[in-house]
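# Descriptive analysis of the structure
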Amino acid sequence: MTTNNRTTRGSASFAVLLVAGLAATAAEAQEPRAVIDHYADMALAIYSDALNTALDLDASIETLLSTPDADGFAAAKSAWLRARVPYQQSEAYRFGNVYVDEWEGKVNAWPLDEGLIDYVATDFYGEESDDNAFYAANIIASPEIALSGRALDASTIDMELIRSLHEVDAVEANVTTGYHAIEFLLWGQDLNYTGAGAGERPWTDYAAGDDCTNRNCDRRRDYLAVASDLLVADLEDIVAAWSEGGEARSALDAASDNEGLATILTGMGTLSYGEQAGERMQLGLLLHDPEEEHDCFSDNTHNSHYYDAKSIQNVYLGRYERIDGSVIEGPSLSELVRARDEALDAAMRVDLQATMDAMAAIKETADRGRMAYDQMIAESNAEGNAMVQAAIDSLIGQTATIEQIVVTLELEAIDFEGSNSLDNPEAIFQ
């Protein structure tokens, strides 16, 4: 979607130092620089929570690998699910922030061709792909991998190896790091297609000696440990980037007020429209294909969609509830818009809540075990299709209101990223 408006280079504003938890005065709340600074403070809080839950996940994985059993395996999966909650609420910081957009692929790239990492059910997955020479390379089973006409030594699974094969051959589906690589290693493939049930990898895939299933348990243990360590390291990098003097925060500090506001709105609008409404939801619904769902191995997509939408609402309201229950709140885009156009702010709040209500209906239906997200997008499921379409329509509607905000704040036109699934649906079937 594209906005068409004019630019007014803003008058000077003063940076306001905000202390988390202290309310700003009404005048401060209407200063663009105060809004931008609080937006950066929220980023630090959100990514810090993502790091802390990743550290909990890492500890659970370490326990599992030291003494593999069913309880440890279940605990590691539960820790992964908890780790997704704060991370997904960071997604509105993508697109507008160059540093975040370039970094994000290390931790949240999807969908992935899981045959690059480990064994797969070939009757479901296939054995090769014309588009990807590494489609079934199976790093875990292969101490040597053919790479660009040479043999790559993969006898030791370490950070260097896994990092070197991430998006190898410039194929985006060659994902070897991040949340979804770990998700696959914990759940395995979901072979139920649009039927009930998630992946059912046995805990014995990590067992020692004769208890090992599906071979290569020692290398699988190594891969899971390294992937977890890499996730922690990458999240440490993003926390540093949003800390004082870090690259992401410094880029905002150096930006003009109008540029900073445009960064915020670009993240909101692109996530809302092209990314979530389009690539993450409409595409899978049009194709009725569970391979297009975000957390396809664990059947956690309903939560990822909910917290993605929540991230947009958080940024607009300048409010984030941390994993310890505390709240960080401060000068917000909402207050800035309200000072210019009270009705527009009210409309944006209504739109955001409508989206959250639609997402909550999906989440609650899945949480109750009545219908998982991959079942909702099945071709024959009229009820589920309607629930998903309602959420997509709400996201599209709120994007139009975000466009109006861009105009009202007199910012340069912003081209929110689109999606063929929304803008040219016929193309996806060609």
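## Looking at the overall build of the chain
Of the regular secondary structure elements, the chain holds 16 helices and four strands. Whereas a compact globule of 430 residues would reach a radius of gyration of roughly 22 Å, the chain reaches 22 Å, a difference of no more than 12%. Its C-alpha atoms put the chain at 70 × 50 × 45 Å along the principal axes. A total of 430 residues make up the chain; the buried ones form 56% of that total. For the chain, long-range pairs separated by at least 24 residues make up 72% of all intrachain contacts whose partners lie at least 6 apart in sequence. Carbon and sulfur atoms provide 47% of the accessible area of the chain, an area that totals close to 17,600 Å². Each charge sign in the chain was given a centre, from 26 positive and 77 negative side chains, and these centres are 5 Å apart.

## Quick word on helix α13 (residues 342-367)
Quick reminder: α-helices carry 3.6 residues per turn. Residues three or four places apart thus point the same way. Between the first and last C-alpha of α13 there are 36 Å, a value that for 26 residues agrees with the 38 Å anticipated at 1.5 Å per step. Where α13 starts, the residue carrying a side-chain oxygen 3.2 Å from the main-chain nitrogen of Ala343 turns out to be Asp341. Gly369 occupies a position one or two residues after α13 and carries a positive phi of about 80°.

## Thoughts on the environment of Asp257
With respect to the element layout, Asp257 can be found in helix α10 (residues 257-287). Given a relative accessible area of 12%, Asp257 falls into the buried group.

## Topic: the pairing of strand β1 (residues 144-147)
Burial along β1 is one-sided: Ile145 and Leu147 are buried, and none of Glu144 and Ala146, which face the opposite way, are. Sheet topology note: the β1/strand β2 (residues 150-153) ladder contains four bridges and is antiparallel. Opposite Glu144, over in β2, you have Asp153 as the bridge partner. Hairpin connection between β1 and β2: a loop of two residues separates the two successive antiparallel strands, and Ser148 in this loop has a positive phi of roughly 50°.

## Some thoughts on the packing of aromatic side chains
Tallied over the entire structure, the rule returns eleven aromatic pairs. A ring pair is formed by Tyr47 and Tyr93, whose centres lie 6.5 Å apart and whose planes are at 65°; its orientation type is edge-to-face. Taken as a pair, Tyr47 in helix α2 (residues 32-66) and Tyr93 in the loop between α3 (70-88) and α4 (98-108) lie far apart in primary sequence, 46 residues in all. On the accessibility criterion, Tyr93 (0% relative accessible area) is buried. A network of ring pairs unites the aromatic residues Tyr39, Tyr47, Tyr93, Trp103 and Trp242 as a single cluster. Above the plane of the ring of Phe184 lies Arg201, whose end atom (NZ or CZ) is 5.1 Å from the centre. Its guanidinium or amino end placed over the ring of Tyr306, Lys363 lies 5.7 Å from that ring's centre, counting from NZ or CZ.

## Examining the nonpolar core
Soluble globular proteins tend to bury their nonpolar side chains together. Formed by 98 residues in total, the largest nonpolar core has its most connected members in Tyr47, Leu235, Trp242, Leu265 and Leu333. A total of 16 residues in this core trace back to one element, the largest contributor, which is α2. When near neighbours in sequence (up to four residues on either side) are disregarded, Trp242 contacts Tyr39, Ala40, Ala43, Leu44, Tyr47, Tyr93, Asn97, Val100, Ala248, Arg249 and Leu252. Met281, Met359, Met376 and Ile377 belong to the second-largest nonpolar core, a separate cluster that totals 23 residues.

## With respect to the pattern of salt bridges
In total, this model carries 21 salt bridges according to the counting rule given. Among the ionic pairs, Arg33 bridges to Asp257, the shortest N-O distance being 3.1 Å. One end of the pair, Arg33, is in helix α2; the other, Asp257, is in helix α10, and 224 residues separate them in sequence. The same class applies to Arg33 and to Asp257, which are both buried. The partner of Arg94 in a salt bridge is Asp101, and the shortest N-O contact between them spans 3.5 Å. The exposure class assigned to Arg94 is buried, which follows from its relative accessible area of 10%. It is possible to trace a salt-bridge network through shared partners that takes in Glu91, Arg94, Asp101, Glu104, Glu275, Arg280 and Asp308.

## With respect to α2
Taking 1.5 Å of rise per residue, the 35 residues of α2 would be expected to cover 51 Å, and the 51 Å separating its terminal C-alpha atoms lies within 8% of that figure. In terms of burial, α2 is largely enclosed, as 26 of its 35 residues are buried.

## Notes on the confidence of the model for the chain
Chain-level statistics for the chain give a pLDDT mean of 92 and a share of 93% at 70 or above. This model gives residues 1-24 a pLDDT under 50, and the stretch forms 57 contacts once residues within four places in sequence are excluded.

## Digging into the environment of Leu161
Looking at the secondary structure, you find Leu161 in helix α6 (residues 159-165). On the basis of relative accessibility, which here comes to 5%, the residue Leu161 falls in the buried class. Leu161 has contacts with Ile139, Leu152, Asp153, Ala154 and Thr156, leaving out every residue within four places of it along the chain.

## Description of a nonpolar patch on the surface
Where nonpolar side chains cluster on the molecular surface, the patch consists of Phe124, Leu191 and Tyr193 and spans about 270 Å² of accessible area. When you line up the elements, Phe124 lands in helix α5 (residues 122-125). Taking relative accessible area as the criterion, Phe124 reaches 31% and is therefore assigned partly exposed.

## So, a negative patch on the surface
A surface patch of negative charge is lined by Glu127, Glu128, Asp130 and Asp131. Structurally, Asp131 is set in the loop between α5 and β1.

## Observations concerning unusual backbone geometry
Pro111 follows Trp110 through a cis peptide bond whose omega is -15°. With respect to the secondary-structure elements, Pro111 resides in the loop between α4 and α5. In this structure, Asp299 takes a positive phi of about 55° despite not being glycine.

Here is what the cut-offs are and how they apply
- Residues numbered from 1 in each chain as written.
- Predicted model: local features only at pLDDT ≥ 70, side-chain atom pairs only at ≥ 80, totals over all residues.
- Heavy atoms only, no water.
- Helix = DSSP H or I, 4+ residues; strand = E, 2+ residues; numbered from the N terminus.
- Rg over C-alpha atoms; globule rule 2.2 N^0.38 Å.
- Buried < 20%, exposed > 50% of the residue type's maximum accessible area, 1.4 Å probe, protein only.
- Contact = heavy atoms within 4.5 Å.
- Areas by Shrake-Rupley, 256 points an atom, 1.4 Å probe, with all protein chains shown as cover.
- Lys, Arg positive; Asp, Glu negative; His and termini not counted.
- Charge placed at Lys NZ, Arg CZ, Asp CG, Glu CD.
- Expected span 1.5 Å × (residues − 1).
- Polar contact = N/O pair within 3.5 Å; in protein donor to acceptor, adjacent residues only side chain to side chain.
- Pairing = 2+ DSSP bridges.
- Phe/Tyr/Trp six-rings, centres within 6.5 Å; stacked < 30°, edge-to-face > 60°.
- Lys NZ or Arg CZ within 6 Å of the ring centre and 35° of its normal.
- Core = buried A, V, L, I, M, F, W, Y, C linked by side-chain atoms within 4.5 Å.
- Salt bridge = Lys/Arg side-chain N within 4 Å of Asp/Glu carboxyl O.
- pLDDT = per-residue confidence, 0-100.
- Patch = residues over 30% accessible without salt bridge, like charges linked within 9 Å, V, L, I, M, F, W, Y side chains within 5 Å.

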